[in-house]
Amino acid sequence: MPKPGALTQRLRMADPDVVHGYGDRVAARPRELVGDEEYEQHYRVEQFGASRIRLEVVCSRGDRRIGHVLEDLYDAGTDLSELTKDQLTEALARRGVDHDRHLRHEPVLPWHILNHVHAGAEQELATTLAEWEARS
């Protein structure tokens, strides 16, 4: 998740469903290596649920309207621990916020005035991640 002052600060927000898929792949490999019984006794791969990632995505890049979106979801009785992309997209649209805007790569973010990240290292990370995603 892009954070100010980190090499990832200008990357697009990762799709929560894709991130969850990465976690599943990470969990599957040790299971393959040690077997089910050994894995169950000694290993655990923790990952956030997709609904939490969805909320973090819009909260990280959102403006004050996001508070109203969260309030609307709460008032509608939505279980935020099971929030779907469709529910979130609809709630955002009702407040005039475009969900896809939060997943795109943005050259200027609200914290651009605090930018102290080495541009070459930032670009190298972005290139490496793009190559990794293309192979996946």
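Residues numbered from 1 in each chain as written. Predicted model: local features only at pLDDT ≥ 70, side-chain atom pairs only at ≥ 80, totals over all residues. Heavy atoms only, no water.

If you tally the helices and strands in the protein chain, you get 6 helices and 0 strands. Counting from the amino terminus, helix and strand elements in the protein chain follow one another as α-α-α-α-α-α. By residue count, 26% of the 136 residues in the protein chain fall in the buried class. Long-range pairs, those at least 24 residues apart, make up 72% of the contacts in the protein chain between residues at least 6 apart in sequence. About 9,200 Å² of surface is accessible on the protein chain, with carbon and sulfur atoms providing 53% of the total. (Helix = DSSP H or I, 4+ residues; strand = E, 2+ residues; numbered from the N terminus. Buried < 20%, exposed > 50% of the residue type's maximum accessible area, 1.4 Å probe, protein only. Contact = heavy atoms within 4.5 Å. Areas by Shrake-Rupley, 256 points an atom, 1.4 Å probe, with all protein chains shown as cover.)

Below, the discussion takes up the packing of aromatic side chains. All told, the structure shown has 2 aromatic pairs when counted by the stated rule. The cationic tip of Arg 52 hangs over the ring face of Phe 48; the distance from NZ or CZ to the ring centre is 3.7 Å. (Phe/Tyr/Trp six-rings, centres within 6.5 Å; stacked < 30°, edge-to-face > 60°. Lys NZ or Arg CZ within 6 Å of the ring centre and 35° of its normal.)

Before going further, it helps to spend a moment on the packing of helix H4 (residues 65-75) against helix H5 (residues 85-94). Here H4 crosses H5 at 125°, and the two axes come no closer than 9 Å. The orientation of H4 with respect to H5, classified from their angle, is oblique. Between H4 and H5 lies a crossing whose hand is right-handed. Seen from H4, the contacting residues are Ile 66, Val 69 and Leu 73; seen from H5, they are Gln 87, Leu 88, Ala 91 and Leu 92. Residue composition of the contact of H4 with H5, by class: 6 nonpolar, 1 polar and no charged. (Axes fitted to C-alpha atoms, helices over the stretch in contact; angles between N-to-C directions. Parallel < 35°, antiparallel > 145°, perpendicular 65-115°, else oblique. Left-handed = near helix turned anticlockwise from the far one by under 90°. Nonpolar A, V, L, I, M, F, W, Y, C, P; charged D, E, K, R; others polar.)

Looking only at H5, the buried set comprises Leu 88, Ala 91 and Leu 92. Along the long axis of H5, the arc covered by the buried residues comes to 100°, so they all point the same way. In this structure, H5 carries Asp 86, Glu 90 and Ala 93 as exposed residues pointing more than 90 degrees from its buried face. Immediately beyond the C-terminal end of H5, within one or two residues, lies Gly 96, with a positive phi of roughly 80°. (Arc of directions from axis to C-beta.)

Formed by Leu 55, Val 58, Ile 66, Val 69, Leu 73, Leu 83, Leu 88, Ala 91, Leu 92 and Val 97, the largest nonpolar core amounts to 10 residues. Elements that contribute at least two residues to this core include exactly helix H3 (50-61), H4 and H5. Apart from residues lying up to four places away in sequence, Val 69 is in contact with Leu 88, Ala 91, Leu 92 and Arg 95. (Core = buried A, V, L, I, M, F, W, Y, C linked by side-chain atoms within 4.5 Å.)

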